[in-house]
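# Residue-level structure breakdown
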Amino acid sequence: MVSVLQNVAIDCADAYELARFWSSVTGRPLHPECEPGDRETEVMLAEGPVLHFNQVPEPKEIKNRIHLCLRPDTSREQEVERLVARRRPVPCSPRGFAVVEFRWTSSSSTEQAPSSAA
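What you see as residue numbers is a count from 1 along each chain, following the sequence as written. In keeping with the predicted nature of the model, local features appear solely for residues at pLDDT of at least 70, side-chain atom pairs appear and are counted solely at 80 or more, and the whole-chain, interface and lining totals rest on all residues. The side-chain quantities take in all heavy atoms of the structure and omit both hydrogens and water.

### With respect to the packing of aromatic side chains
For Phe, Tyr and Trp, rings pair up if their centres lie within 6.5 Å, where Trp contributes its six-membered ring, and each pair is then called stacked (planes under 30 degrees apart), edge-to-face (over 60) or tilted (otherwise). Inspection of the entire model under this criterion finds one aromatic pair. Ring geometry for phenylalanine 21 against tryptophan 22: centres 5.3 Å apart, planes inclined by 85°, an arrangement best described as edge-to-face. By the burial criterion, phenylalanine 21 is buried, and tryptophan 22 matches it. Categorising residues by exposure relies on relative accessible area from a 1.4 Å probe, with only protein chains included: less than 20% of the type maximum marks a residue as buried, more than 50% marks it as exposed, and the intermediate range marks it as partly exposed.

### Quick look at the side chain of threonine 41
In this description a helix means any DSSP run of H or I spanning at least four residues, a strand means any run of E spanning at least two, and both kinds are numbered starting from the N terminus. Checked against the element boundaries, threonine 41 lands in strand 2 (residues 40–43). Any pair of residues with heavy atoms lying within 4.5 Å of one another is described as a contacting pair. With residues up to four places along the chain from it excluded, the contact list for threonine 41 reads Ala15, Tyr16, Ala19, Leu30, Cys34, Leu51, His52 and Phe53.

### Focus: the sheet that holds strand 2
The strands making up a sheet are joined through hydrogen bonds of the backbone, oriented either antiparallel or parallel. Here three strands make up an open sheet; going across it, the order is 1-3-2 and the pairing mixed. Looking at the sheet topology across the chains shown, the edges are occupied by strand 1 (7–12) and strand 2. The sheet shows a mean angle of 20° between the axes of neighbouring strands, direction not considered. Whether two strands pair comes down to DSSP finding at least two bridges between them. Relative to strand 3 (residues 50–55), strand 2 runs antiparallel, the two being bridged by four bridges. Counted as the bridge partner of glutamate 42 is histidine 52 from strand 3. For every element, the axis is a line fit to its C-alpha atoms; helices are fit only across the contacting stretch, and the angle between N-to-C directions ranges from 0 to 180 degrees. The sheet strands contacting helix 1 (residues 15–26) are strand 1, strand 2 and strand 3, and the helix crosses strand 2 at an angle near 5°.

So, in structure tokens, the structure goes:
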């Protein structure tokens, strides 16, 4: 017997807004029953598990423990520009989106990354 990965669950302060952000990033829709204010929201990926966002009352106190690795269909630089444009204008770390080492690009915080787009 084996277990199948059903979803990637992400605790956050605003499930709907964070799901909207990741919906925009991936180009995939929210679950059709999701609405603003929902405490649980999902992004329906084309294949594999769904992204499940769970609103929790506790504030974020430490760095993110989940990292979603993306493979854009454009250049890395173009994708970073696209994602930065979707970021909500809230204070982040001084780095914001930064190139780390040679190939990786990271956001200072998934929780701080959402924009009004998704």
